[in-house]
Amino acid sequence: TIEKDNNIQIAKDKQVHIKKSEINGKISEKETRIKEFKNIIDEQEKIKKEYDHEIQVYAWLVNFWIPAVKEYEQLKLDIIRKDFNEYFQKWFSMLIEDDSIDVYVDEDFTPKIRRNGEIKDITYVSGGQRSSMALAYRFALNYLVYRDTNSNRGLLILDEPTYGLSEAKIRN
């Protein structure tokens, strides 16, 4: 009976050992899956950090950089418009010696003409005044481009710049 009990115990030990091996195998599989999930979670957290950083950069660009650039561009454009107006008016006054007429450019750099303080439609001014205005506009533009680009000032191309001007204005 001891031998029988011993064989029973050996059989039970084998079953326990088999069961233990099965359980250890399942535990090992679960640990492997846990490691895989941890790696996936780590990767997802890394992606989330990168995404959060990109969101912060985007917010900074939208809230600070773009408005600052727009403001700078507007300030620069206002300075250019002021300078352009100054030279446009200077050239126009040299071409038209009438103190009751002056010119300026609006915010879109569209040339405007005033007579006695009243803005006139360009289609209702004389051809000579329109030509003088066009020539003054080109001279002012030419001056600013050369000034701001430090280009060679040896060349100015105009297409019939004196068209519509009287002989006296051409000599002026």
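Parameters at a glance
Residues numbered from 1 in each chain as written. Predicted model: local features only at pLDDT ≥ 70, side-chain atom pairs only at ≥ 80, totals over all residues. Heavy atoms only, no water. Helix = DSSP H or I, 4+ residues; strand = E, 2+ residues; numbered from the N terminus. Expected span 1.5 Å × (residues − 1). Buried < 20%, exposed > 50% of the residue type's maximum accessible area, 1.4 Å probe, protein only. Contact = heavy atoms within 4.5 Å. Pairing = 2+ DSSP bridges. Patch = residues over 30% accessible without salt bridge, like charges linked within 9 Å, V, L, I, M, F, W, Y side chains within 5 Å. Areas by Shrake-Rupley, 256 points an atom, 1.4 Å probe, with all protein chains shown as cover. Salt bridge = Lys/Arg side-chain N within 4 Å of Asp/Glu carboxyl O. Phe/Tyr/Trp six-rings, centres within 6.5 Å; stacked < 30°, edge-to-face > 60°.

Undergrad: Before we move on, could you go through helix α2 (residues 127–149) and cite the residues and values that matter?
TA: The end-to-end C-alpha separation of α2 is 33 Å, in line with the 33 Å expected for 23 residues at 1.5 Å each. All of the buried residues along α2 are G128, Q129, S131, S132, M133, L135, A136, F139, A140, N142, L144 and Y146. Its buried side turned inward, α2 meets α1 (2–95), β1 (101–105) and β2 (111–115).

Undergrad: How would you sum up the pairing of β1? Please name residues and give values.
TA: Most of β1 sits inside the fold, with four of its five residues counted as buried. Pairing of β1 with β2 involves five bridges; the strand directions are antiparallel. The partner of V103 across the bridge, within β2, is I113. The antiparallel pairing of β1 with β2 creates a hairpin that spans five residues between the two strands, and F109 there sits at a positive phi of about 65°.

Undergrad: For a nonpolar patch on the surface, give the residues involved together with the corresponding values.
TA: Side chains of V57, Y58, W60, L61, V62, F64, W65 and I66 sit close together on the surface and give an oily, nonpolar patch of about 790 Å² of accessible area. Looking at the secondary structure, you find W65 in helix α1.

Undergrad: Can you tell me about the packing of aromatic side chains, naming the residues and giving the values?
TA: Counting across every chain of the model gives seven aromatic pairs. Centre to centre, the rings of Y87 and Y143 are 4.3 Å apart; their planes meet at 40°, and the pair counts as tilted. In this pair, Y87 is assigned in helix α1 and Y143 in helix α2, connecting sequence segments 56 residues apart. Assessed through its relative accessible area of 27%, Y143 is described here as partly exposed.

Undergrad: Could you give an account of the pattern of salt bridges, with specific residues and numbers?
TA: The tally for this structure, following the rule as stated, stands at eight salt bridges. Among the ionic pairs, D78 bridges to R81, the shortest N-O distance being 2.9 Å. Of this pair, D78 and R81 both sit in helix α1, three residues apart, which is roughly one turn of the helix. Residue classification places D78 among the partly exposed residues on the basis of a relative accessible area of 33%. With a relative accessible area of 12%, R81 lands in the buried category. K120 is the salt-bridge partner of E118, the closest N and O atoms lying 3.6 Å from each other. Since its relative accessible area comes to 29%, K120 is described here as partly exposed. In this structure, a network of salt bridges that share partners links the residues D83, R147 and D148.

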